[in-house]
Amino acid sequence: KLGEVMNFMRFTAILALFSILTAFGQKPIAAANADEPAFNAEAEYSALAAGEDTGGRAWFELAGKARSTGDLDTASRALENAAAQKFSPARVGMETARIRVAKNDVDGAVAALNALLDSGFTAVGIVTGDPVLASLEGHAGYEELVTRMSARAYPCSEQEKFSEFDFWVGNW
């Protein structure tokens, strides 16, 4: 029985991780295979530029792949195309912050996340749970952003007016 429970827990953890990665268009990168040619972000960019309008998804996916391989210029240009095609602003904003982290532009990454917050994005768990953005922890601007985002995401815990009936309801 214990073995079955452990297998179920592993499966659940893998499924949750896969869900988080694909939630922002990220796909798990397969282990490098010596028989496969190396990913060429610039060639992929040229192929997309010569093709039909993709609605932005292909540009967004290229941005993530290019960032993960270290081709940050191509990643930035691909992300600009995704944004120009009105692809999901929240996903573009998150990827913008990731690219800036990869460029060691911490202030730029925090600025991108602040712009995302200002546009109404309040999913603080997505931001704090992102493995790339985790490197921003400890930066004063990032900590302030997380505080502001949490206050907007959970107004009941932050605003006094939501505690007016606590004497009657109690703490539970």
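Coordinates for the structure precede this section.
As a convention, each chain's residues are numbered from 1 in the sequence order in which they are written. Local features in a predicted model are, by the rule used here, given only for residues with pLDDT of at least 70; side-chain atom pairs are given and counted only at 80 or more, and totals for whole chains, interfaces and linings are based on all residues. Based on all heavy atoms of the structure, the side-chain values leave hydrogens and waters out of the count.

Undergrad: Explain the overall build of the chain here, please?
TA: A run of H or I in DSSP becomes a helix once it reaches four residues, and a run of E becomes a strand once it reaches two; helices and strands are each numbered from the N terminus. Secondary structure summary: the chain contains 10 helices and 0 strands in total. Its helices and strands in sequence order give the chain the pattern α-α-α-α-α-α-α-α-α-α, from N to C terminus. Of the contacts formed within the chain by residues at least 6 apart in sequence, a portion of 62% connects residues at least 24 apart. Carbon together with sulfur atoms contributes 58% to the accessible area of the chain, which is approximately 11,100 Å² in total. It only takes one pair of heavy atoms within 4.5 Å for two residues to be counted as in contact. Working definition of accessibility: Shrake-Rupley area with a 1.4 Å probe, residue cover restricted to the visible protein chains.

Undergrad: Where do I start with the packing of aromatic side chains in this structure?
TA: Here a ring pair, both rings aromatic, is described through the centre-centre distance and the interplanar angle of the planes. Stacked, tilted and edge-to-face pairs are distinguished by plane angle, under 30 degrees for stacked and over 60 for edge-to-face with tilted covering the rest, among Phe, Tyr and Trp rings (Trp via its six-membered ring) whose centres lie within 6.5 Å. Tallied over the full model, the rule gives 2 aromatic pairs. Seen from the ring of Tyr45, Arg77 lies directly overhead, with NZ or CZ sitting 4.2 Å from the centre. Whether a charge sits over a ring depends on NZ of Lys or CZ of Arg being within 6 Å of the ring centre and within 35 degrees of the ring normal.

Undergrad: Explain the side chain of Arg67 to me, please; I cannot follow it from the model alone.
TA: By the secondary structure assignment, Arg67 is in helix 3 (residues 57–69). N or O atoms closer than or at 3.5 Å make up a polar contact, with two conditions inside protein: a donor-capable atom paired with an acceptor-capable one, and, for residues adjacent in sequence, both atoms drawn from side chains. Polar contacts involving the side chain of Arg67 include one to the side chain of Glu95, which spans 2.5 Å.

Undergrad: Is there a simple way to explain the nonpolar core in this structure?
TA: One recurring pattern in soluble globular proteins: nonpolar side chains tend to sit buried together. Of all hydrophobic cores here, the largest spans 18 residues; its most connected members are Met94, Leu113, Val127, Leu133, Leu136, Tyr142 and Met149. Per-element accounting of this core gives the leading share, 6 residues, to helix 6 (residues 106–118). Those residues in contact with Met149 that lie beyond four places of it in its chain are Leu117, Phe121, Thr122, Ala123, Val124 and Val127. Listed in part, the 15 residues of the second largest apolar core include Ala75, Ala78, Ala82 and Ile99. Only buried residues count toward a nonpolar core, which is a set of Ala, Val, Leu, Ile, Met, Phe, Trp, Tyr and Cys residues joined through side-chain atoms within 4.5 Å. Residue burial is assigned from relative accessible area. The probe radius is 1.4 Å, only protein chains are included, and a residue is buried under 20% of its type maximum, exposed over 50%, and partly exposed in between.

Undergrad: Even after reading the chapter, I still don't get the pattern of salt bridges, so can you show me in this structure?
TA: Opposite charge on two side chains permits pairing when their charged atoms draw close. Salt bridges are identified by distance alone: a Lys or Arg side-chain nitrogen within 4 Å of an Asp or Glu carboxyl oxygen. Taken as a whole and judged by the stated rule, the model has 6 salt bridges. Its salt-bridge partner being Arg67, residue Glu95 comes within 2.5 Å of it at the nearest N-O pair. Taken as a pair, Glu95 in helix 5 (residues 89–102) and Arg67 in helix 3 lie far apart in primary sequence, 28 residues in all. For Arg67, a relative accessible area of 12% gives the class buried. The partner of Asp118 in a salt bridge is Arg148, with the nearest N and O atoms 3.2 Å apart. Pair noted here: Asp118 is in helix 6 and Arg148 is in helix 8 (residues 140–153), with a separation of 30 residues, a long-range link. We classify Asp118 as exposed; its relative accessible area is 53%. Here the salt bridges do not stand alone but share partners, grouping Arg67, Glu95, Arg98 and Asp130 into one network.

Undergrad: Just checking my understanding: could you explain the environment of Ala123 for this structure?
TA: Topologically, Ala123 is positioned in the loop between helix 6 and helix 7 (124–129). The spatial distance from the C-alpha of Ala123 to the C-alpha of Arg152 is 9.3 Å, given a sequence separation of 29 residues.

Undergrad: Any chance you could explain the packing of helix 2 (residues 41–50) against helix 3 here in plain terms?
TA: When two helices pack together, you describe them by how their axes are tilted relative to each other and by the distance separating the axes. One way to put it is that helix 2 packs onto helix 3 with a least axis distance of 10 Å and a crossing angle of 170 degrees. On the basis of the axis angle, helix 2 is roughly antiparallel to helix 3. For the pair formed by helix 2 and helix 3, the contact residues are Ala41, Glu44, Tyr45, Leu48 and Ala49 on the first element and Ala58, Trp59, Leu62 and Ala66 on the second. Each residue belonging to the contact of helix 2 with helix 3 can be placed in one class, and the counts come to 8 nonpolar, no polar and 1 charged. Every axis corresponds to a line fitted to the C-alpha atoms, with the helix fit spanning only the stretch in contact, and the corresponding angles, defined between N-to-C directions, vary from 0 to 180 degrees. In this scheme, roughly parallel covers angles under 35 degrees and roughly antiparallel covers those over 145, while 65 to 115 is roughly perpendicular and the rest are oblique. Ten residues, namely Ala, Val, Leu, Ile, Met, Phe, Trp, Tyr, Cys and Pro, are considered nonpolar, four, namely Asp, Glu, Lys and Arg, are considered charged, and the remaining ones, Gly among them, are considered polar.

These results come straight from atomic positions and should not be treated as a statement about function.
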